[in-house]
Amino acid sequence: MSQLSQRPEKPVVGVSVPHESAAQHVTGAALYTDDLVHRTKDVLHAYPVQVMKAHGRISRLDTAPALAVPGVVRVLTGADVPGVNDAGMKHDEPLFPDTVMFHGHAVAWVLGETLEAARLGAAAVEVDLDEQPSLIALRDAIAAQSFHGARPVMLTGDVDAGFADSAHVFSGEFQFSDQEHFYLETHAALALVDESGQVFVQSSTQHPSETQEIVAHVLGLHSHEVTVQCLRMGGGFGGKEMQPHGFAAVAALGARLTGRPVRVRLNRTQDLTMSGKRHGFHAQWKIGFDAEGRIQALDATLTADGGWSLDLSEPVVARALCHIDNTYWIPNARVAGRIARTNKVSNTAFRGFGGPQGMLVIEDIMGRCAPLLGLDPMELRERNFYRPGQGQTTPYGQPVTHSERISTVWQQVCADGRVADRRREIAAFNAAHPNTKRGLAVTGIKFGISFNLTAFNQGGALVLIYKDGSVLINHGGTEMGQGLHTKMLQVAATTLGIPPHKVRLAPTRTDKVPNTSATAASAGADLNGAAVKNACEQLRERLLQVAGGLLGTNASDVRIVEGVARALGGDEELAWDDLVRTAYLQRVQLSAAGFYRTEGLHWDAKAFRGSPFKYFSYGAAATEVEVDGFTGAYRVRRVDIVHDVGDSLSPMIDIGQVEGGFVQGAGWLALEDMRWDTGDGPGRGRLLTQAASTYKLPSFSEMPQEFHVRLLENATEEGAVYGSKAVGEPPLMLAFSVREALRQAAAAFGPAGVSVELASPATPEAVYWAIEASRRAAASPNGHPGDGSATGAGTRTGTAALSGA
């Protein structure tokens, strides 16, 4: 086993401990970015001037009326920018635009002594617009050939030959919804300038280094003149990876121009109407199976709704392509990706980052095609799993390591959930209940861990040991409630061999650890944990030399366990605090910078070939639902999950992540119905679901009545920090089992073998239309739903009829 994976005696990792800020969270003592306003003197408040049209060029912008409002100090416009008027890494996102690109686009910002003064000032700004045609619906953008960014194509095998060899060929299309992050804390930033002109920004950001970079180029400064700190976030889910930069830049610009601290904090409506979402997708596909139901060929085009600018759409589409195989071997594939440009907010990272969209396409195909092949959906899925020892690779050419775990987690969740017995019980229940049906589905996941862009797979840390033996760690990752800081404390304590109470963690700052990657791609613990471990190992080696001299033995024979140094085979002990004090007196350096780069990655984005992922995470979920045949309303009766996190760094944290990810995925797939005004009236392009009152989020009522989560045992991941695996994103895709269970329940209202098309999100309305289609199939002479079934199943999302040959 590698040094990185090996655990020492009595490790602190692997122990279930509470979140490091749990007490502060539940008592209200935890501070977030906007809380710091009350500790800062003479703060100005920024308020956006939003234009409520979907598209148009600004012909007049008059700020004079705002300046006449009592309490208004200044109005920020593009003329005030000393550097580059752009907040995006692709230089396609003007911070102060001269063309409105989506409904609610902010074209200026008003600074006021109070938030109310700034709000009134923003309302007084006069904007004239030369309106232009807009594209709101994804299908309209496709029809208009409105695309931007890269258009990758993933090829493997001989697709035409694969279809020629197929006994069954089906084709169809599928459009599914976007999703709002709905983090509890909205976007926020607080900027001030010190006496030397140094800009200090507190930001709710997943990527402090990139926020620093954007602020610097907007202000025309170098990065060493800007410091960004992220204390913590009240949720991020990817929505704070790229999108916070512009808000931080507005605050920083205001602070530079006025000499006073400036606060930007969006209210919920502003956050919903100004920030990007998970990309909605449209998929056109054709798939071939052999006589036994094994996939022979796949030809598909995935189109993401990118919104008005590129943001992270290109890597999102790339990851969608990389995950369209999910757990299934596809020997011949041609999958194209493209990004539609629409007049909506710029869609961005969201937990899973395109992986869920790609995987949903193949899972929908499997669920729709299984009845047409005369196979049970579980059987069809199992027949197509990657198999160990077969030399199988993904469609982009990466070997699938530990592919046996696909079957292992599947079998374990079936055993834990008594799936075979419960399916018989469900069949009996359905036979006795004509107006209520139950469904049970099992789905698996295979999710690649690492950033697709190889350069991002690096992490840094700075660890300080003080003379009294206390330890302070800094790392490049940000805490958004996911427990990263908790794991880093456990990694540091384990590596140094000391109790966890000896270790404290400092807020994430760009002047402590530079050039960091975003806390994203589920790689936060992998990258930062390995960097913290590297720094602690440097310090431990120095201290072992000191201890060896004091104990009269070689440094290699000394072990530090639970804060005590001992020589192998010896009885003499040396307390940690004494060891550190002695090291200081001997002028031994007690600080170290750690670094880690993920090895073994290579990726050719143009050829779309390589091994972009360090490893794959696996999991399986079994979900049972009950559906009302009159309304389509449903409840989740039971969920069983077995998930692979390697050797967990912090089991309680990881189980919480699995539970939370699953529920968020179920929200995307079955509840969260985002609506936009696509009419030709004055509100065209307006987000209609602007609050929790109109946008249905998962709540206690949607939680499963029974919820069982188990972490896969004996699952050490060689080459990862202490044998662990990532946990943040993969569990979200376990919620495919909810959607597939709803499909099974809807199918139970019709004859055996009916193929049910189900919209996404599968709201009660969508489930009702799927039930109606099943009932029509029961009344149809040929057992098919008849005209309108497909569009009935997804009127809004526009699923199209499935055809087979």
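Refer to the structure printed above.
Throughout, residues of each chain are indexed from 1 in the direction in which the sequence is written. Restriction of local features to residues with pLDDT of at least 70 applies here, the model being predicted, together with a cutoff of 80 or more for giving and counting side-chain atom pairs; totals for whole chains, interfaces and linings are based on all residues. Processing note: side-chain calculations cover all non-hydrogen atoms of the structure and skip hydrogens and water entirely.

**Q** How would you summarise the overall build of the protein chain if you had to cite specific residues and measurements?
**A** Runs of E in the DSSP output that reach at least two residues are strands. Runs of H or I that reach at least four are helices, and both are numbered from the N terminus. If you tally the helices and strands in the protein chain, you get 20 helices and 30 strands. In terms of C-alpha radius of gyration, the protein chain reaches 28 Å, essentially the compact-globule figure of 28 Å for 805 residues. Its C-alpha atoms put the protein chain at 90 × 80 × 50 Å along the principal axes. The criterion used for residue contact is that any of the two residues' heavy atoms lie within 4.5 Å. Taking as baseline every contact in the protein chain between residues at least 6 positions apart, the subset at least 24 positions apart corresponds to 81%. Accessible area for the protein chain stands at about 28,800 Å²; split by element, carbon and sulfur atoms hold 51% of it. Note on method: radius of gyration uses C-alpha positions; expected globular size equals 2.2 Å times residues raised to 0.38. Accessible areas in this description were obtained via Shrake-Rupley with a 1.4 Å probe; residue shielding takes into account the shown protein chains only.

**Q** Describe the packing of helix α17 (residues 651-670) against helix α18 (residues 736-747), and please don't skip the residues or the numbers.
**A** To get an axis, a line is fitted to the C-alpha atoms, and for a helix only the part in contact is used. The angle between two axes follows their N-to-C directions and goes from 0 to 180 degrees. Where α17 meets α18, the closest approach of the two axes is 8 Å, and the angle between their N-to-C directions is 45 degrees. When the interaxial angle is binned, α17 and α18 end up oblique. Residues Phe-662, Ala-666, Trp-668, Leu-669 and Ala-670 of α17 form the contact with α18, whose participating residues are Phe-736, Ser-737, Val-738, Arg-739 and Leu-742. Just so you know the grouping, Ala, Val, Leu, Ile, Met, Phe, Trp, Tyr, Cys and Pro go in nonpolar, Asp, Glu, Lys and Arg go in charged, and all remaining residues, Gly too, go in polar. When grouped by side-chain class, the residues that make up the contact of α17 with α18 number 8 nonpolar, 1 polar and 1 charged. Convention used here: angles under 35 degrees read as roughly parallel, angles over 145 as roughly antiparallel, angles from 65 to 115 as roughly perpendicular, and any remaining angle as oblique.

**Q** Requested: an account of empty space enclosed by the protein, with residues and values cited.
**A** The way it works is a 1 Å grid over only the protein atoms, where trapped points that fit a 1.4 Å probe form a cavity and open points with protein on both sides within 12 Å along at least five of seven lines form a pocket, and then any residue with an atom within 4 Å of a point lines it. Grid points are joined across faces, edges and corners, and a volume is the space filled by probe spheres set on the points. Counted under the stated rule, the structure contains 4 cavities of 30 Å³ or more. Glu-93, Gly-246, Phe-247, Met-274 and Trp-308 are the residues nearest the centre of the largest cavity, which is lined by 21 residues in total. For the lining of the largest cavity, the elements supplying multiple residues, two or more each, are β5 (105-112) and α7 (244-258). Take the lining of the largest cavity: its biggest share by element is 4 residues, from α7. Along the lines of polarity and charge, the residues of the lining of the largest cavity split into 13 nonpolar, 6 polar and 2 charged. Sorting elements by how many residues they give to the lining of the second largest cavity places helix α15 (residues 524-551) first, with 3 residues. Residue composition of the lining of the second largest cavity, by class: 9 nonpolar, 4 polar and 2 charged.

**Q** Any chance you could break down the sheet that holds strand β17 (residues 458-465) for me, citing the residues and the numbers?
**A** The pairing of strands in a sheet happens through backbone hydrogen bonds and is either parallel or antiparallel. Strands pair, by our definition, only if DSSP identifies at least two bridges between them. Reading across from one edge, β19-β18-β17-β24 is the order of the 4 strands in this open sheet, with mixed pairing throughout. Pairing within the sheet leaves two strands with one partner each, and these edge strands are β19 (503-505) and β24 (591-597). Strand-to-strand twist of the sheet, defined as the mean angle between neighbouring strand axes without regard to direction, takes the value 25 degrees. Where α15 meets the sheet, its contacts fall on β17, β18 (471-475) and β24, and the angle it forms with β24 comes to roughly 140 degrees.

**Q** Give a description of the environment of Gln-202 that names residues and reports values.
**A** By the element assignment, Gln-202 lies in strand β10 (residues 199-203). Each residue is placed in one exposure class: buried if its accessible area under a 1.4 Å probe, protein chains only, is under 20% of its type's maximum, exposed if it is over 50%, and partly exposed if it falls in between. Under the relative-accessibility criterion, Gln-202 is labelled buried at 11%. Taking the C-alpha atoms as reference points, Gln-202 and Gly-306, 104 residues apart in sequence, are found 29 Å from one another. Excluding anything up to four places from it in sequence, Gln-202 contacts Thr-33, Leu-36, Ala-188, Ala-189, Leu-190 and Gln-229.

**Q** Mind laying out the packing of aromatic side chains, listing which residues take part and the relevant values?
**A** Side-chain rings of Phe, Tyr and Trp (the six-membered ring for Trp) are treated as a pair once their centres are within 6.5 Å; stacked means planes under 30 degrees apart, edge-to-face means over 60, and tilted covers the remaining angles. Going through the model one piece at a time under the given rule, you end up with 16 aromatic pairs. Ring geometry for Tyr-328 against Phe-385: centres 6.2 Å apart, planes inclined by 15 degrees, an arrangement best described as stacked. Placement of Tyr-328 in the loop between α9 (313-322) and β15 (333-341) and of Phe-385 in the loop between α11 (377-383) and α12 (404-416) is noted, with a sequence separation of 57 residues between them. This pair shows no difference in class: Tyr-328 is buried, exactly as Phe-385 is. An aromatic cluster is present here, built from Tyr-396, Trp-603, Phe-608, Phe-613 and Phe-616 joined pairwise through their rings.

**Q** Explain α18 to me, and be specific about the residues and the numbers.
**A** Any helix carries an expected span of 1.5 Å times its number of residues minus one. Between its terminal C-alpha atoms α18 stretches 17 Å, which fits the 16 Å expected from 12 residues at 1.5 Å a residue. Buried residues dominate α18, accounting for 11 of its 12 residues. Within α18 the residues assigned to the buried category are Phe-736, Ser-737, Val-738, Arg-739, Glu-740, Ala-741, Leu-742, Arg-743, Ala-745, Ala-746 and Ala-747.

**Q** Explain the pairing of β17 residue by residue, including any values.
**A** Where β17 meets β24, 7 bridges bridge the pair, whose relative direction is antiparallel. Within β24, the residue paired with Val-463 across the bridge is Ala-592. Strand direction decides the pairing type here: β17 and β18, joined by 5 bridges, are antiparallel. Paired with Ala-461 across the two strands is His-475, which belongs to β18. Here β17 folds back onto β18, and the loop between the two strands holds 5 residues, one of which, Gly-469, carries a positive phi near 95 degrees.

**Q** Now, about the side chain of Gln-657: what can you tell me, with residues and values included?
**A** Along the chain, Gln-657 turns up in helix α17. A relative accessible area of 14% places Gln-657 in the buried class. Among all residues touching Gln-657, those that are not within four sequence positions of it are Arg-351, Gly-481, Gln-482, Val-727, Gly-728 and Pro-731.

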